[in-house]
Amino acid sequence: MATNGIAGSTALDRLRRRYETTQKKCPACGYVDHGANWTSRTDGRRVVYRHVCPSCDASREHTFRLG
Ligand SMILES: [Zn+2]
């Protein structure tokens, strides 16, 4: 099992998957991104999920605290 060094990475994967499946549609232009290109980054204390609309470049972010 590979690890990226983040405790609870499985839960984080679940969170990202949830965004990928429930938040495909851009609230700004209505574009539906079937690729659901959410990216995640972390500083070890928080995880930030970010999506940039390929149609209008609007970005969305969701931040979670770890632990
Ligand atoms: Zn958009």
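Please read these numbers as outputs of a predicted model, since none were measured by experiment.

## Considering the overall build of the chain
In step 1: For the chain, the count of helices and strands is one helix and three strands.
In step 2: Its helices and strands taken in sequence order, the chain reads α-β-β-β from the N to the C terminus.
In step 3: Taking all 67 residues of the chain together, 21% fall into the buried category.
In step 4: The contacts of the chain with a sequence gap of at least 6 include a subset with a gap of at least 24, amounting to 33%.

## A closer look at the pairing of strand β3 (residues 59-65)
In step 1: Pairing analysis gives seven bridges linking strand β2 (residues 46-52) to β3, with the strands arranged antiparallel. Note that in β3 the partner of H51 across the bridge is R60.
In step 2: In this antiparallel pair of consecutive strands, β2 and β3, the connection spans six residues, and D57 shows a positive phi of 70°.

## Notes on the coordination of the zinc ion
In step 1: Protein coordination at the zinc ion comes from C26 (SG), C29 (SG), C53 (SG) and C56 (SG), with a distance range of 2.3 to 2.4 Å.
In step 2: Angles of 107 to 112° at the metal separate the four donor atoms of the zinc ion, which places the site in the tetrahedral class.
In step 3: Along the chain, the residues that donate to the zinc ion are spaced as C-x2-C-x23-C-x2-C. Placement of the pair is C26 in the loop between α1 (9-22) and β1 (39-42) and C56 in the loop between β2 and β3, with a sequence separation of 30 residues.

## Details of the packing of aromatic side chains
In step 1: Evaluation of the coordinates by the stated rule reveals four aromatic pairs.
In step 2: The structure contains a cluster of three or more aromatic residues connected by ring pairs, namely Y19, W38, Y49 and F64.

## A few points about the confidence of the model for the chain
In step 1: Confidence along the chain averages 85 in pLDDT terms, with 88% of residues attaining 70 or more.
In step 2: Ranking the elements of the chain by mean pLDDT puts α1 last with 84 and β2 first with 93.

## Focus on the nonpolar core
In step 1: Counting residues in hydrophobic clusters, the biggest one holds seven residues: L12, L15, Y19, A36, W38, V47 and Y49.
In step 2: Of all elements in the fold, only α1 and β2 reach the threshold of two or more residues within this core.
In step 3: Tallying contributions element by element places α1 first for this core, with three residues.
In step 4: Look past the residues within four positions of V47 in its chain and what remains in contact with it is L12, S40, R41, T42, H62, T63, F64 and L66.

Definitions and limits used
- Residues numbered from 1 in each chain as written.
- Predicted model: local features only at pLDDT ≥ 70, side-chain atom pairs only at ≥ 80, totals over all residues.
- Heavy atoms only, no water.
- Helix = DSSP H or I, 4+ residues; strand = E, 2+ residues; numbered from the N terminus.
- Buried < 20%, exposed > 50% of the residue type's maximum accessible area, 1.4 Å probe, protein only.
- Contact = heavy atoms within 4.5 Å.
- Pairing = 2+ DSSP bridges.
- Donors = N, O, S within 2.8 Å, 3.2 Å for Na, K, Ca; no water.
- Tetrahedral: all angles 85-135°; square planar, octahedral: opposite > 155°, others 65-115°.
- Phe/Tyr/Trp six-rings, centres within 6.5 Å; stacked < 30°, edge-to-face > 60°.
- pLDDT = per-residue confidence, 0-100.
- Core = buried A, V, L, I, M, F, W, Y, C linked by side-chain atoms within 4.5 Å.

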